[in-house]
Amino acid sequence: MQSSHSASAQGGAKLAAHFASLDVQKHAARLGMWLFLATEILLFAGLFACYAAYRFLFPEAWAASSRSLDLLMGSINTIVLITSSFTAAMAVHYAKEGKNKMVGHMFFLTLLMAGAFLVIKYFEYKHKFHIGTLPGRYYFYDGIQVPGAPMFFTVYFASTALHAFHVIIGMTVLAIIMVRAYRKGDFGPNNYTAVELGSMYWHLVDLVWIFLFPMLYLV
Amino acid sequence: MTPSSSIAAPGAAPGHEAHHEHGDHPSYLVDGTTVKSWLLTVDHKRIGIMYMFWVLLFFLVGGIFAMMIRLELLTPGPTIMDAMTYNRTFTLHGVVMIFLFMIPAIPAIFGNFMLPLMLGAKDVAFPRLNLLSLYVYLAGAGFALWGMLNGGLDTGWTFYTPYSAHTTTTVAPVLFGAFIIGFSSILTGMNFIVTAHTMRAPGITWFKMPLFVWALYATSCIQVLATPVIGLLLLLVSAENLFNLGMFDVARGGDPVLFQHLFWFYSHPAVYIMVLPAFGVMSEVVSTFSRKNIFGYRAVAYSSVGIAFVGFFAWGHHMFVSGQSTFDAGIFGALSMLVGVFTAIKVFNWVGTVYKGAVEFTTPFAYFCGFLFFTVFGGMTGIAVATVSLDVPWHDTYFVVAHFHFIMVGATIMAFLAALHYWFPKMFGKTYHEGWGLVSAALIILGFNATFIPQFLLGNAGMPRRYYEYPERFQALNVASTAGASLLAFGFVIIALYLVWALIYGKRVDNPWGSKGYEWLTASPPPTHNFVGPQPTYPEEPHFYVDPKKAEVSDAV
């Protein structure tokens, strides 16, 4: 039934048959995205609860292990990710003005920085695999021999890996929208929902990192 | 109320068979008959019907496991299987019944079918996401069943660590399957919330939404807020089982009680995912068959939201004996009892609705009566097990098994069957044999009581749950329980027979109950786009049965 789309006036926005108006459709899409983002935050909230519980149980291990992380790499990654969030937001701005080429450029920059984030993360991981600060029974680092240190790295790897997985998903979403902006150029004042929602997802990825960074690296 | 007569059946002229209507507005059942037109449909009604097929199939699977458990427990020693098989059987019974039947049953089947109709919408807000959620559900079920067939697991449906991290049975695929099913649950919940917010037809304000919609809305909120947490937990336990990370393993500094906290943070609200839609169904049924506006509409609506809210703060009552402080246990006990207050609000309002109503004792109403008993009895035992001093001796005995089967399974099955009978004419435009309906309702209510009342007594006498063998003094009650389960199973067989018969040879009907629910404002079965011609108008409340002459004694809020 929803195949009976009717094209609307401007910017290629399509009104699905079951919605009363474009406004309602946009509102529904946005509300759905917010709900989805809420579930994503709750997914990470479970990990935060694990973090809090084990930090309470092993304060010394947490302090020692946290200091062993590479603060410089973590900081660079934070800056990279926040900047990428800015370019993603700019993409929405340009989409509203119908400047499709700029939308594509902005998402391209975002993707570039996302890639840089993953590369830096790769070096961090590689280093840890090398020295043996690994989760659970794989832990073989001699530097920190406090009870609970392997648990820190279990939490570290679980949360950063889940976050990296979200980065990859986000990159896929943004790449698809970028191609749409370059190839079809169909975003405009009446049709920027896809750009907006993709960008919202990217902000979430950024936001989660903003929680993870101080939790794991700073405190 | 004029609309019911004027817009009742523009698309579907009553006839003697459903398959002759190839006019301008065929019903959703005959609009496209290829397999592809069903499998790739985005019509919420067809998706609901497909859910019905699968959910009932899994119900059968879970039911067969239940009968195997009851047969095994017929004698004190080994009866039909060995101990390991028994462990696997009760685990699979739990996993299949909870994740594949109870949680999706009412929202995914009747919610999908009725929610847009009740809101005067042409579909849910995200039809393609809706179809996706069906296939995600099937993918998860496939994973879980694959794991079960390849070794099975023996942890119990609660997957408690550290055992689940160490057992050599196939834990990871089943957990992963449950994780995927959680996604489906989240998608459906999101879809319903957005639909309720954006798709209400002009005239349907929040407080003119049918109570079933309110219940689904509250359920969806729980689904969206609780499911991600168990999703993460299932991932962590899978990782633990596969890679031995030590997250919940005491030997590596992990804390199994943390697992329990995260597990029950979802799984306690999950009880309300199962039972809130049941409450919603009952509000519809009781007002229809009492011919009265629901007593205290707002109180019933708010109490759904109240249960959803309080349900999030009650998880600790599963952990009274897990080393919780006495203070925590007291707080969690008190918060759990609050759920009883909200449930009581509903129960009193339903009873108030029946009071002085023109009751028509049909099959759905029979299930309402059974439902009332199970809810009150199960709810009262719920207050009892929320009391720390009582729960300590009852913990992990058959008392708890009987309690949660009463409130969760009893109430939900009653509502499921009530919904199935109440909305059968709406969904298929046909009706079933009322006599057989009442007979099977009697069998099922009796059978259910006969199954689980002995289990209350067994638990009180000290028989632990999940045990393979038991002392001989428990045998008489176990035999009684198994006999009751057989009666229950027999009741379901009868229902299956007469409903299939009704599907083929049933009498053609449109609105056999004279119901004034919004979903009956269109033809039965509804046309593909739900409404033909002008959109129905909604001048009155959804449960408006009161004779205008008697309006001054109306209980309308």
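Conventions we followed
- Residues numbered from 1 in each chain as written.
- Chains lettered and ligands numbered in written order.
- Predicted model: local features only at pLDDT ≥ 70, side-chain atom pairs only at ≥ 80, totals over all residues.
- Heavy atoms only, no water.
- Helix = DSSP H or I, 4+ residues; strand = E, 2+ residues; numbered from the N terminus.
- Buried < 20%, exposed > 50% of the residue type's maximum accessible area, 1.4 Å probe, protein only.
- Phe/Tyr/Trp six-rings, centres within 6.5 Å; stacked < 30°, edge-to-face > 60°.
- Axes fitted to C-alpha atoms, helices over the stretch in contact; angles between N-to-C directions.
- Parallel < 35°, antiparallel > 145°, perpendicular 65-115°, else oblique.
- Left-handed = near helix turned anticlockwise from the far one by under 90°.
- Contact = heavy atoms within 4.5 Å.
- Buried area = accessible area lost by both parts, 1.4 Å probe.
- Salt bridge = Lys/Arg side-chain N within 4 Å of Asp/Glu carboxyl O.
- Polar contact = N/O pair within 3.5 Å; in protein donor to acceptor, adjacent residues only side chain to side chain.
- Nonpolar A, V, L, I, M, F, W, Y, C, P; charged D, E, K, R; others polar.
- Patch = residues over 30% accessible without salt bridge, like charges linked within 9 Å, V, L, I, M, F, W, Y side chains within 5 Å.
- Areas by Shrake-Rupley, 256 points an atom, 1.4 Å probe, with all protein chains shown as cover.
- Expected span 1.5 Å × (residues − 1).

Asks: Mind showing me how you'd approach the overall build of chain A here?
Replies: What chain A contains, in helices and strands, is six helices and two strands. Put simply, chain A runs from its N terminus to its C terminus through helices and strands in the order β-β-α-α-α-α-α-α. Taking the principal axes of the C-alpha coordinates as reference, chain A spans close to 65 × 30 × 25 Å. Taken over 219 residues, chain A has a buried fraction of 52%.

Asks: Please explain the packing of aromatic side chains as it appears in this structure.
Replies: How two aromatic rings sit relative to each other is given by the distance of their centres and the angle of their planes. Residues and elements named next belong to chain A. For the coordinates displayed, the defined rule picks out 78 aromatic pairs over all chains. With a centroid separation of 5.9 Å and 65 degrees between ring planes, the pair formed by Tyr51 and Trp62 is classed as edge-to-face. Note that Tyr51 is positioned in helix 1 (residues 22-57) and Trp62 in helix 2 (residues 59-68), a separation of eleven residues in sequence. Taking relative accessible area as the criterion, Tyr51 reaches 6% and is therefore assigned buried.

Asks: What is the right way to look at the packing of helix 9 (residues 256-290) of chain B against helix 12 (residues 363-385) of chain B in this model?
Replies: Any two packed helices are characterised by how steeply their axes cross, that is the angle between the axes, and by the distance between the axes. Residue and element names in this part refer to chain B. Close contact between helix 9 and helix 12 brings their axes to 10 Å; oriented N to C, the two are set at 130 degrees. Between helix 9 and helix 12, the angle is such that the two are oblique. Judged by the twist between their axes, the crossing of helix 9 over helix 12 is left-handed. Every residue of helix 12 that contacts helix 9 at Ala278, Phe279, Met282, Val285, Val286, Phe289 and Ser290 is listed here: Pro364, Phe365, Tyr367, Phe368, Phe371 and Thr375.

Asks: Explanation requested: the interface of chain B and chain A in the structure shown.
Replies: Where interface size is given, it is often the accessible area lost as the parts come together that is meant. Every contact between the two is made by 36 residues of chain B and, on the other side, 33 residues of chain A. A combined buried area of about 2900 Å² lies between chain B and chain A, and 78% of that area is made up of carbon and sulfur atoms. For chain B, the biggest contributors to the area lost against chain A are Leu232, Leu245 and Met247 of chain B; these three give 19% of the whole. At the surface where chain B touches chain A, the tally comes to zero salt bridges. Seen at the junction of chain B and chain A, the total is eight residue pairs in polar contact (both at pLDDT 80 or more). When residues of the side of chain B that touches chain A are traced back to their parent elements, those giving at least two are helix 7 (172-198), helix 8 (211-243) and helix 9 of chain B. When residues in the side of chain B that touches chain A are grouped by element, the largest group, eight residues, is from helix 8 of chain B. Tallied by class, the residues present in the side of chain B that touches chain A amount to 22 nonpolar, nine polar and five charged.

Asks: Quick question: what am I supposed to make of the packing of helix 4 (residues 83-118) of chain B against helix 7 of chain B here?
Replies: Residue and element names in this part refer to chain B. Helix 7 packs onto helix 4 with a crossing angle of 20 degrees between their chain directions and a minimal axis gap of 11 Å. Considering their axes alone, helix 4 and helix 7 lie roughly parallel with respect to each other. Note that helix 4 runs across helix 7; the crossing there is left-handed. On helix 7, the residues touching Val95, Phe99, Leu100, Ile103, Pro107, Gly111, Asn112 and Leu115 of helix 4 are Val174, Ile181, Ser185, Phe192 and Thr195.

Asks: How should I be thinking about a nonpolar patch on the surface in this particular structure?
Replies: A cluster of nonpolar residues, Val500, Trp501, Leu503, Ile504 and Tyr505 of chain B, forms a patch on the protein surface that exposes about 560 Å² of accessible area. Its location among the elements puts Tyr505 of chain B in helix 16 (residues 475-505).

Asks: Looking at this structure, I do not really get helix 16 of chain B. What am I missing?
Replies: Counting along an α-helix, one turn takes 3.6 residues, and residues three or four places apart therefore face a common direction. Residues and elements named next belong to chain B. Taking 1.5 Å per residue, 31 residues should reach 45 Å; helix 16 reaches 45 Å between its end C-alpha atoms and fits that length. Here helix 16 has its buried residues at Asn478, Ser481, Thr482, Gly484, Ala485, Leu488, Gly491, Ile494, Ile495, Tyr498, Leu499 and Ala502. Buried residues along helix 16 sit in contact with helix 3 (44-72), helix 12, helix 14 (398-428), strand 1 (430-431) and helix 15 (434-461).

Asks: Explanation requested: the environment of Ile79 of chain A in the structure shown.
Replies: All names here are of chain A. Within the secondary structure layout, Ile79 lies in helix 3 (residues 71-96). Assessed through its relative accessible area of 55%, Ile79 is described here as exposed. Along the chain, Ile79 and Tyr201 lie 122 residues apart, while their C-alpha atoms are 18 Å from each other.

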